[in-house]
Every structure is written in structure tokens, then in C-alpha cells.
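Summary of the model geometry
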Amino acid sequence: MTHVLIAGAGIGGLTAALSLHAAGLGVTLVDAAHSLRPVGVGINLLPHAVRELTELGLGTVLAETGIPTAEMVHFDRHGNRIWGEPRGRALGYHWPQYSLHRGDLQRLLLDAVLARIGEIRTDAAVTAFHDEGDRVRVEFAGGGTLEADVLIGADGLHSAVRAQLHPGEGPPLWNGIRMWRGLVETAPFLGGRTLAVAGSNETAKFVAYPVSRSAEIRGRALVNWVAEVRLAGSGRPAADWDRAGQLADVLPHFADWRLGWLDIPALLATTGRILEYPMVDRDPLPWWGRGRVTLLGDAAHPMYPIGSNGASQSVLDARALARHLATAPGPEQGLEAYEAERRPVTDALVRAHRAMPADRLLATVARRAPEGFARIEDVLTAGELAAFHAAYRTTTGADVAHLNNRESWSVR
């Protein structure tokens, strides 16, 4: 039986462990952290990722945890509606799109790994690996080694596995946009299941959506917000998901953004903890892995958080990896087939996110109607409005009919 060592117990690594185990392969999961704790703020899981987690037996707990997103709507910075579309089942998928806390998703995946596989080794930061032909030997900080048939680097943006495979790559690439994030309880807005986007990141943009079912119990929703401001030349903050941000840095950019249905200055001011992060990615790689070693998730294809793809693509990587390793003649062939399937898809997404097609349209609205508008048809042509749909097909989209009708990726 092929035994796989996964470096990194984030969303991608945990999903890979569950998928490999379900496919009948051996798994060892390690992580550099001293202890595994939920981190981050809100995320969205797209229907193609929800399908895969459902097939892993997590559909019920996801439904109990996440908000089934009903719609995504764009507004100008005054709160006037520009464009929107249904999401998830309302768009025709057989599976919902969920908005939820990243830590809640990580926790439910972690619980499933512990229940099905057992121990996860922590304090295990990979420092080097050696592909010895029929085995991979992995070295860890503080001493000690492990051997496996396959090594998967699922160790994130600053992947040690990627650094050895692709030395000299340098730091992540910043596009000049700084992001602040937070979670705060507030009154539900726009029906309580809307992913709302206001403004454009040509200058400033604000995203907000609920991530818990607390509104059903207490009448107040736990809302995730992301504030994006273009500050090229101001110095890039460290790409650390846990870096603390300051209200005084973000509030001036949104001080008069009262949208009618959401008071953004009040939302910011009542947030207990603010996080700060640069919008970064890396150039697509010419290849992910060699021999018995490859990459997965952010270690393979970090991308801008434009189309809710970070976690979702990691889930798809994990499922494709398990399918190919379980059905190929040998580990090397399985990893080659995995990369051949996934790398073109994720490369295209990295480039589409850099192009920011929807944001170009939002910036057009801001330039043509800086003080707002009564009818969006007076600002954008019918063709420009229709272009929103095309823009999101390039960044969020699996084809509805294709996803609904394709065969299962589970290995029987």
C-alpha cells in the first residue's frame, strides 16, 4: 500500500489526508505548528468544493456550520446596486455555496482526520527532503526524519517543500493592495445570506458577508468583512495571516461609507481584532513536482482572494491527488497525472485573478458616476452589465451542468 506523507495540516492538507484514507492509501500528516488551532476569518466554499467534502461524508456538518450563500451583489461606494447573481443552489448547482469561518472549516476537517486516521504530528517543520527513488526521506527542524512513498507539500504560501523544488524564487509578489479583515456581530443585512461587495479595488473596496448561524438564535449575525485599499509604494506588510492590523490605518479610507443597509465605519469601529495582509500571489510554476514529491493548495498556486478559490481549489487538488494516486500504476505516474489535471486549471485562475475583470467594470462605474446613480443602466451599457457574468465565469466558475453531471471523484 502506498504511504503518503503530507506536510501541512491546513484545509488542503486535511482534505488530502481524508481523501487518501478514503481511497485506501496510508497517510501521515505533519505540521510545523506547536498545536493546531483554528485561524483566519471568513471564507467561501464554492459548490464544486462542497460536492467533494460532501462525498467525504461532511455534508451534514457543513450544513450545520455554514451559511448557504444566496447571492453575490456589487454596489458602488454609496450603496447603489450595480449587479448581482444567485449563488450555489439558486444558480442551479446541486450543492450550495457556503460562507463560514475558516477556523470552523479547519476544525471540522481536523475532527474528521482525528476520528478516521488518528494522530497528527505537530512541531514538525520540514527542513529538507531526499527523493531516493523508491522512497522519500524527510528531515525536520530539531532533528528526526520520516520516510514515505510520496511527499506532498501542502505547507502554504511559504512552503519549505516548494522552496527546495524551486530554489531562489524569492518572496510572494504584491500587487499594491493592502487588506484588512475582521469579524464582528451586527444586525443581519440584505436578507442575511448575501455576499456584498462595495466600491472597487482601483481605490478602495469593501466586502462583507455572514459566516455563522447566530442570527437564527440571537437575531445578530457574525459578519466577516474585508477592506481592500490600493497603497502601492507604501511598503508591503508581512504576508502573515495572523498579523494584527490597526483601526486607525483602515478607518480613514471608509470614514463616510454609510450604505443605508450597512454602516461601514461603525462596523470597523466595533471589531475587536483586525488582521492585516497584503494581496499577494506567486507566478505559476512550469512544474509542481518531480519523482515522488509534489505540491498542493497555496504551496502550488497561491492566488489573489478574488473568486473564493483559495480553499476551494485546495479541496479539488486533494481529491484529484487521491484519485490519481489510488488508480495509477505507481506513485510517480499518479503524481504526473494529478499535476497534468490540476496545474493548467489553477494556472488559468491565477492569471484570471490578476486580471480582475469584475473590478475593471466596478472602476468604470466609479469613474462615470463618482457621486452615485439612480439607474445603473444610465452608467453601464447592456453589454457592460452582461460582462459581469463573463468575468465571474473566469474566476469562480465550474460549469453548472458539467459539475452536476460529471462522475464522482471518489475511488470505489
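Residues numbered from 1 in each chain as written. Predicted model: local features only at pLDDT ≥ 70, side-chain atom pairs only at ≥ 80, totals over all residues. Heavy atoms only, no water.

**What to know about the overall build of the chain**
A tally of helices and strands in the chain yields 12 helices and 17 strands. For the chain, whose C-alpha radius of gyration is 21 Å, the value lies close to the compact-globule estimate of 22 Å for 412 residues. In terms of principal-axis extent, the alpha carbons of the chain reach across some 65 × 45 × 40 Å. Buried residues in the chain amount to 55% of all 412 residues. (Helix = DSSP H or I, 4+ residues; strand = E, 2+ residues; numbered from the N terminus. Rg over C-alpha atoms; globule rule 2.2 N^0.38 Å. Buried < 20%, exposed > 50% of the residue type's maximum accessible area, 1.4 Å probe, protein only.)

**Brief notes about the sheet that holds strand β7 (residues 98–101)**
Taking strand neighbours across the sheet as the criterion, the three strands line up as β3-β7-β4 in an open arrangement whose pairing is antiparallel. In this open sheet, the two edge strands, each paired with only one partner strand, are β3 (42–45) and β4 (67–68). In the sheet, β4 pairs with β7 via two bridges, with the strands oriented antiparallel. Residue pairing across strands places I67 opposite S99, the latter belonging to β7. (Pairing = 2+ DSSP bridges.)

**A word on helix α9 (residues 331–355)**
Relative to the 36 Å expected for 25 residues at 1.5 Å per residue, α9 spans 36 Å between its end C-alpha atoms, a close match to the ideal helical length. The largest bend along α9 reaches roughly 30° and is located at R342, with the proline P344 sitting one to four residues downstream. Where α9 is buried, its residues touch β11 (150–153), β16 (274–281), β17 (293–295), α8 (310–327), α10 (357–368) and α11 (382–395). Positive phi shows up at M356, right after α9, with a value of about 50°. (Expected span 1.5 Å × (residues − 1). Bend = angle between axes of the 7 residues up to and from the residue. Contact = heavy atoms within 4.5 Å.)

**Brief notes about the side chain of N175**
Residue position: N175 is located in strand β12 (residues 173–186). Exposure remark for N175: the relative accessible area of 17% places this residue in the buried category. Separated by 3.0 Å, the side chain of N175 and the backbone nitrogen of I177 make a polar contact. Residues in contact with N175, not counting those within four places in the same chain, are R230, M279, Y304 and M356. (Polar contact = N/O pair within 3.5 Å; in protein donor to acceptor, adjacent residues only side chain to side chain.)

**Regarding the sheet that holds β16**
Here we have seven strands laid out as an open sheet, ordered β6-β5-β13-β14-β15-β12-β16, and mixed in their pairing. Each edge of the sheet is formed by a strand with only one pairing partner; in this case those strands are β6 (81–86) and β16. Here the strands of the sheet are splayed against their neighbours by 20° on average, with no regard to which way each runs. As paired strands, β12 and strand β15 (residues 221–230) are joined by 10 bridges and run antiparallel to one another. (Axes fitted to C-alpha atoms, helices over the stretch in contact; angles between N-to-C directions.)

**As for the pairing of β3**
Taking every second residue as pointing to the same face, both faces of β3 are buried, with G42 and N44 on one and I43 and L45 on the other. The pairing of β3 with β7 spans four bridges and is antiparallel. Within the sheet, the bridge partner assigned to N44 lies in β7 and is S99.

**Some details on the packing of aromatic side chains**
In this structure the tally under the stated criterion is seven aromatic pairs. Considering the side-chain rings of F189 and W261, the 5.7 Å spacing of their centres and the 35° angle between planes classify their relative orientation as tilted. Taken together, the positions of F189 in the loop between β12 and β13 (194–200) and W261 in the loop between α6 (247–250) and α7 (264–269) put the pair 72 residues apart, joining distant regions of the chain. Judged by centre distance (5.8 Å) and plane angle (15°), the ring pair of F206 and W225 falls under stacked. Taken together, the residues F206 in strand β14 (residues 204–210) and W225 in strand β15 connect sequence positions 19 residues apart. The class of F206 is buried, set by a relative accessible area of 2%. For W225, a relative accessible area of 0% translates into the label buried. By the ring-pair criterion, three or more aromatic residues cluster together here, those being F206, W225, F254 and W257. The ring of W409 is capped by R406, whose NZ or CZ atom sits 4.0 Å from the centre of that ring. (Phe/Tyr/Trp six-rings, centres within 6.5 Å; stacked < 30°, edge-to-face > 60°. Lys NZ or Arg CZ within 6 Å of the ring centre and 35° of its normal.)

**Details of unusual backbone geometry**
Look at L190: it is not a glycine, yet its phi comes out positive at around 50°. Structurally, L190 can be placed in the loop between β12 and β13. L190 sits in the partly exposed class, given a relative accessible area of 31%. Positive phi is not limited to glycine here, since M356 has a value of about 50°. In this structure, M356 sits in the loop between α9 and α10.

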